[in-house]
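Chain residues, written in single-letter form:
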Amino acid sequence: DAGVIQSPRHEVTEMGQEVTLRCKPISGHNSLFWYRQTMMRGLELLIYFNNNVPIDDSGMPEDRFSAKMPNASFSTLKIQPSEPRDSAVYFCASSLGLRGNSPLHFGNGTRLTVT
Amino acid sequence: KNEVEQSPQNLTAQEGEFITINCSYSVGISALHWLQQHPGGGIVSLFMLSSGKKKHGRLIATINIQEKHSSLHITASHPRDSAVYICAVGNNNDMRFGAGTRLTVKP
């Protein structure tokens, strides 16, 4: 099993540009989560999907952030327009079942730098 | 007050020492997770537990639901155990993370 695959590993962009982060969950997992990690705030849940349906997006900081899961094997997190304060490491994780009740499998993260 | 408190924030140990990291939480949970974040940034799930005790190799995790407290123990610590250990509590509607404990094990 290849694990959760995220791309790109690193992204450097200028303020105002659109950024798209990608995630491929583990095959067979029906829950997918997007997290953001910063020095100031630690790990934060942004949004999670169950069976490709967004369940809870209350962690999405603002309307500039959007996430989609068009099928069971792919999800995107988009920031448009990006701002320097969006600089962080973004993790995707997947699991069987609902969050909190099943082990989480994390991707290696995408380090985003917005200048 | 944070809903998930970890202690200590930083811990330095000599190789071979017994390590304990603590996690206290104030919210209702269905499960507690211990995560390990390597210096390179990757996150690995070590344990998920909702009661009692789990053991995996040199790692032991315990939880006391009544006291809302969990501990992660590392026996015979090794420099490769150096990482940030994160406690996370989840229920059906939310997950909250502790700030992490940075462990450094010196040879």
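That block above? That's the structure.
Remember, it's a predicted structure, so these values are computed and weren't measured experimentally. Per chain, residues are indexed from 1 in the order of the written sequence. Labels are handed out in written order, letters beginning with A for the chains and numbers beginning with 1 for the ligands. With pLDDT at 70 or above as the cut-off, local features in this predicted model cover only qualifying residues; side-chain atom pairs require 80 or more to be listed or tallied, and sums for whole chains, interfaces and linings still use all residues. Where side-chain values are given, they derive from all heavy atoms of the structure, hydrogens and water being excluded.

> Even after reading the chapter, I still don't get the nonpolar core, so can you show me in this structure?
Proteins that are soluble and globular tend to have nonpolar side chains buried together. Nonpolar core, defined: a set of buried Ala, Val, Leu, Ile, Met, Phe, Trp, Tyr and Cys residues in which side-chain atoms within 4.5 Å join the residues together. Note on classification: 1.4 Å probe, protein chains only; a residue is buried when its accessible area is under 20% of the maximum for its type, exposed when over 50%, partly exposed between these limits. Grouped together as the largest cluster of nonpolar side chains are 23 residues, with contacts concentrated most on Leu32, Trp34, Leu46, Phe47, Leu49, Leu72 and Tyr85 of chain B. Under the scheme used here, helices are H or I runs from DSSP no shorter than 4 residues and strands are E runs no shorter than 2 residues, and both carry numbers assigned from the N terminus. Among the secondary structure elements, those contributing two or more residues to this core are strand E3 (19–25), strand E4 (31–37), strand E5 (43–49), strand E7 (59–64), strand E8 (69–74), strand E9 (83–91) and strand E11 (101–106) of chain B. With residues up to four places along the chain from it excluded, the contact list for leucine 72 of chain B reads Ile19, Thr20, Ile21, Trp34, Leu46, Phe47, Ile60, Ala61 and Tyr85 of chain B. Counting 21 residues, the second-largest nonpolar core is a separate cluster that includes Trp34, Phe49, Phe65 and Ala67 of chain A. Residue contacts follow a heavy-atom distance rule, with two residues in contact if any of their heavy atoms lie within 4.5 Å.

> What's the story with the pattern of salt bridges in this structure? I'm lost.
All names here are of chain A. The term salt bridge refers to a pairing of a side-chain nitrogen on Lys or Arg with a carboxyl oxygen on Asp or Glu at a separation within 4 Å. One pass over the structure, following the stated rule, counts 10 salt bridges over all chains. Among the salt bridges present, the one from arginine 41 reaches glutamate 44, with a minimum N-O distance of 2.6 Å. The exposure class assigned to glutamate 44 is buried, which follows from its relative accessible area of 16%. Via salt bridges that share partners, Glu62, Arg64, Glu83, Arg85 and Asp86 belong to a single interconnected network.

> What should I look at first to understand the interface of chain B and chain A in this one?
Reports often express the size of an interface as the amount of accessible area lost when the parts come together. The interface is formed by 17 residues belonging to chain B together with 14 residues belonging to chain A. Accessible area that two parts lose when put together, evaluated with a 1.4 Å probe and summed over both, is termed the buried area. Surface buried jointly by chain B and chain A totals about 1,400 Å² across both partners, of which 57% is contributed by carbon and sulfur atoms. There are zero salt bridges connecting chain B and chain A. Residue contributions to the side of chain B that touches chain A peak at four residues, all from E4 of chain B. Along the lines of polarity and charge, the residues of the side of chain B that touches chain A split into seven nonpolar, nine polar and one charged. All amino acids are sorted into three groups, where Ala, Val, Leu, Ile, Met, Phe, Trp, Tyr, Cys and Pro are nonpolar, Asp, Glu, Lys and Arg are charged, and the leftover types, Gly among them, are polar.

> Just checking my understanding: could you explain the sheet that holds strand E6 (residues 52–56) of chain B for this structure?
Pairing between the strands of a sheet is mediated by backbone hydrogen bonds and can be parallel or antiparallel. All names here are of chain B. A pair of strands is treated as paired once DSSP finds two or more bridges between them. Strand order in the open sheet made by the five strands is E1-E3-E8-E7-E6, with antiparallel pairing throughout. Sheet topology places strand E1 (4–7) and E6 at the edges, where each strand pairs with a single neighbour. If you compare each strand with its neighbour and ignore which way they point, the axes differ by 15° on average. Across six bridges, E7 lies against E8 in antiparallel orientation. In the sheet register, leucine 59 faces E8, and the bridge partner there is isoleucine 74. Between N-to-C directions, angles span 0 to 180 degrees; the directions come from axes that are lines fitted to C-alpha atoms, helices contributing only their stretch in contact.

> Looking at this structure, I do not really get the pairing of E4 of chain B. What am I missing?
Each regular strand shows side chains that alternate between the opposite faces of the sheet. All names here are of chain B. Burial analysis of E4 places seven of its seven residues in the buried class, which makes it a mostly covered element. Burial along E4 is two-sided: Ala31, His33, Leu35 and Gln37 and Leu32, Trp34 and Gln36, pointing in opposite directions, are all buried. Pairing analysis gives seven bridges linking E4 to E9, with the strands arranged antiparallel. For histidine 33, the partnering residue across the bridge sits in E9 and is alanine 88. With six bridges connecting them, E4 and E5 associate as antiparallel partners. Within E5, the position partnered with glutamine 37 by the bridge is isoleucine 43. Between E4 and the antiparallel strand that follows it, E5, lie five residues; glycine 41 among them carries a positive phi value of about 110°.

> Hey, could you run me through the state of the cysteines in this one?
Here, the word disulfide means a covalent bond between the sulfur atoms of two cysteines. Residue and element names in this part refer to chain A. Any two cysteine sulfur atoms within 2.5 Å of one another count as a disulfide. Counting across every chain of the model gives two disulfides over all chains. Each disulfide pairs two cysteine sulfurs, and for cysteine 23 the partner residue is cysteine 92, the sulfurs being separated by 1.9 Å. Judged by the sign of its S-S torsion, about -70°, the cystine formed by cysteine 23 and cysteine 92 is left-handed. Taken as a pair, cysteine 23 in strand E3 (residues 19–24) and cysteine 92 in strand E9 (residues 88–95) lie far apart in primary sequence, 69 residues in all.

The values are spatial; any link to function lies outside them.
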